[in-house]
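Single-letter residue listing:
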Amino acid sequence: MNEGRVADPSVAAGVDSVVVLDCGSQYSQLIARRVRELNVYSELLPFDTPWSEIAARKPAAVILSGGPASVYEAGSPHPDPALWTGGVPILGICYGLHLMAQALGGEVVSFSRKEFGPAVVTVTGSDRLFAGLDPQQSVWMSHGDSIERLPAGFQPTASTGSTPYAAVADPERRLYGIQFHPEVVHTPHGREILRNFVVEIAGARQSWTPANFIASSVEGIRSRVDEHSRATGTDGRVLCALSGGVDSAVAATLVHRAVGDRLICVHVDHGMMRKNETELLRTAFEQLGVPVIVVNARERFLRKLEGVTDPERKRHIIGNEFIRVFEDEAAKLGQIDFLTQGTLYPDVIESATSVTEKAAAKIKTHHNVGGLPEDLSFQLIEPLRYLFKDEVRAVGTELGLPDSMVQRQPFPGPGLAIRIIGEVTAERLDTLREADWIVIDEIKAAGLYRSVWQSFAILTPVRSVGVMGDGRTYGNLVAVRAVTSEDAMTADWAKLPYEVLARISSRIVNEVPGVNRVVYDISSKPPATIEWE
């Protein structure tokens, strides 16, 4: 597979960056996200990335994440020792602090007074990390180990009732460590602490902006396609997988700005879209002056999914079949070497398929990452691969896309197929499509669409007894899912008003044939994921 991806967009964009080394924490991606919120580019790399690769990125700083291991255990994650003498400002968070302390001559031990949950730290010494903040701070702790002895050159700068080393610093070498987690919302002033490190101590310029990203992306895409065109003597045409969601729409607009009418947008109607989705998509892009080829592949996908119930197989089948359909369309259109996708950074992190994400556990395969066939004949253009969802929305707005498109709730590439638990059939798709339409309709009517990250229906394999018109029914059970989130990496179930839930339930059982029961999912992420499959 020839993907030709840019390893670090900050290099092309000419902006400062921060490398976050992932030591296995469930919050590692949040650290990178919080740094991005400061308008400083950040990239998540595995803990054992060689220092030479890190240095080549010329980072303004390095942050070491937390992790579940103990630094004194055999086989625990340890970074390249050259990191500590690289001359780059370093912040160690929790396990990252322990790594720093042990590597530089201190001692870390299992602590009898473990700290999990909220705590209050008291600033006990001069520390630029806490500049402008009150001497007492509410923070979130999650550690069973603690520093017993500091390395030479370090001084304690904050403590709790349980540990004298809640924060430490070696200002001369610009090495800092904190025992708590500034990246989670439970540390109210975590953003300010990270800003003090990234901007004030490391001196990173806050120049990671949508306009900067657009300019560098357009230049990079145009340059890459033109170079390939000159080398091969081809027209340099690009095929775009247009799903109808904000990600593919923004990706298509970026590529269109770079290559103009050499972009060909193809929408595959696999029969698993939301109600009226294909028609709305075609109209929206026609208004933008971008023609869209619509391929009716409903029967083709249903045949491939016949009898399949395993969610991972569904994703792989759909991802593979998408590419085959595009290859078929490309064959009709002539020589096409590139395929554009709206892959996002969370897709890459959760799929954990490449060496740059090996520290993360594979949660599920995203159809556009791990679900792609090995013999893919296209080169991939994935301009959003290093962006989080809200960054994509900001880029879309900067590109001039209409708010109705930019602010759409996320919709998975495999569509309703992964919102049907069990086998996907035309009848079950029709049932779910109608139920899902009612959920969205009522959420919008209540004025909650923009405040909810995602809201949708799930068709379960459960059937239950009911009563309708004084007669017994044995119908389908539909689950409703609505969550709030900032970036889809974590999410909480949405506390929808009871009257909204009541209207959703009443309409579904009355308007959708074969459904007699509705339940509401109140699971957060983690431990659940947003989608059921």
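For the structure, see preceding data.
Quick look at the structure, then. (Residues numbered from 1 in each chain as written. Predicted model: local features only at pLDDT ≥ 70, side-chain atom pairs only at ≥ 80, totals over all residues. Heavy atoms only, no water.)

## Observations regarding the sheet that holds strand β12 (residues 292–296)
- Read from one edge to the other, the open sheet built from five strands follows the order β12-β11-β10-β13-β14, with strand pairing classed as parallel. Strands with a single pairing partner mark the edges of an open sheet, and in this sheet they are β12 and β14 (379–381). On average, each strand axis in the sheet is inclined to that of its neighbour by 30°, with strand direction left out of account.
- Relative to strand β11 (residues 263–269), strand β10 (residues 238–241) runs parallel, the two sharing four bridges. Across the sheet, the residue bridging to Leu-239 is Ile-264, located in β11. (Pairing = 2+ DSSP bridges. Helix = DSSP H or I, 4+ residues; strand = E, 2+ residues; numbered from the N terminus. Axes fitted to C-alpha atoms, helices over the stretch in contact; angles between N-to-C directions.)

## Brief notes about the environment of Gln-454
- Counting through the fold element by element, Gln-454 comes out in strand β15 (residues 454–468).
- As for Gln-454 and Val-483, which are separated by 29 residues in sequence, their C-alpha atoms are 5.6 Å apart.
- A distance of 3.3 Å separates the side chain of Gln-454 from the side chain of Glu-531, its partner in a polar contact. (Polar contact = N/O pair within 3.5 Å; in protein donor to acceptor, adjacent residues only side chain to side chain.)

## Quick notes on the pattern of salt bridges
- Applying the stated criterion to the full structure yields 31 salt bridges.
- Among the ionic pairs, Glu-200 bridges to Arg-195, the shortest N-O distance being 2.9 Å.
- With a shortest N-O distance of 2.8 Å, Asp-441 and Arg-507 are connected by a salt bridge. Placement of the pair is Asp-441 in helix α14 (residues 426–445) and Arg-507 in helix α15 (residues 498–511), with a sequence separation of 66 residues.
- With a relative accessible area of 33%, Asp-441 lands in the partly exposed category. (Salt bridge = Lys/Arg side-chain N within 4 Å of Asp/Glu carboxyl O. Buried < 20%, exposed > 50% of the residue type's maximum accessible area, 1.4 Å probe, protein only.)

## So, the side chain of Thr-343
- Relative to the helices and strands, Thr-343 is located in the loop between β13 (338–340) and α11 (345–351).
- On the basis of relative accessible area, Thr-343 is assigned to the buried category, the value being 0%.
- Side-chain polar atoms of Thr-343 contact the side chain of Glu-382, separated by 2.7 Å.

## What about helix α7 (residues 246–259)?
- The first and last C-alpha atoms of α7 sit 20 Å apart over 14 residues, in line with the 20 Å expected at 1.5 Å per residue.
- Looking only at α7, the buried set comprises Val-246, Asp-247, Ser-248, Ala-249, Val-250, Ala-251, Ala-252, Thr-253, Leu-254, Val-255, Ala-258 and Val-259.
- Looking at the residues trailing α7, positive phi occurs at Gly-260, about 65°. (Expected span 1.5 Å × (residues − 1).)

## As for the nonpolar core
- Counting residues in hydrophobic clusters, the biggest one holds 77 residues, and the most contacted among them are Ile-63, Leu-91, Leu-129, Phe-197, Val-198, Phe-285 and Leu-384.
- For this core, the element with the most residues is α7, which contributes nine residues.
- Val-198 has contacts with Val-18, Val-35, Leu-38, Val-40, Gly-203 and Ala-204, leaving out every residue within four places of it along the chain. (Core = buried A, V, L, I, M, F, W, Y, C linked by side-chain atoms within 4.5 Å. Contact = heavy atoms within 4.5 Å.)

## Details of the pairing of strand β4 (residues 90–93)
- Covered by surrounding structure in β4 are Ile-90 and Gly-92 together with Leu-91 and Ile-93, the residues of both alternating faces.
- Pairing of strand β3 (residues 61–64) with β4 involves three bridges; the strand directions are parallel. For Val-62, the partnering residue across the bridge sits in β4 and is Ile-90.
- Summarising the sheet, β4 and strand β9 (residues 175–178) pair through four bridges and their orientation is parallel. Note on β9: the bridge partner recorded for Ile-90 is Leu-175.

## Side note on the state of the cysteines
- Overall, the coordinates contain zero disulfides when judged by the stated rule.
- No disulfide involves Cys-23; its nearest neighbouring cysteine sulfur is the one of Cys-94, lying 10 Å away. (Disulfide = S-S within 2.5 Å.)

## A few points about helix α8 (residues 277–287)
- Inspection of α8 places Glu-277, Thr-278, Leu-281 and Phe-285 among the buried residues, and these make up the whole buried set. Viewed end-on, α8 has its buried residues packed into an arc of 95°, placing them on one side of the element. Facing away from the buried side of α8 by more than 90 degrees, the exposed set consists of Leu-280, Glu-286 and Gln-287.
- Residues of α8 that are buried make contact with α7, β11, β12 and α13 (403–406).
- Where α8 ends, the next residue or the one after it, Gly-289, has phi of about 80°, a positive value. (Arc of directions from axis to C-beta.)

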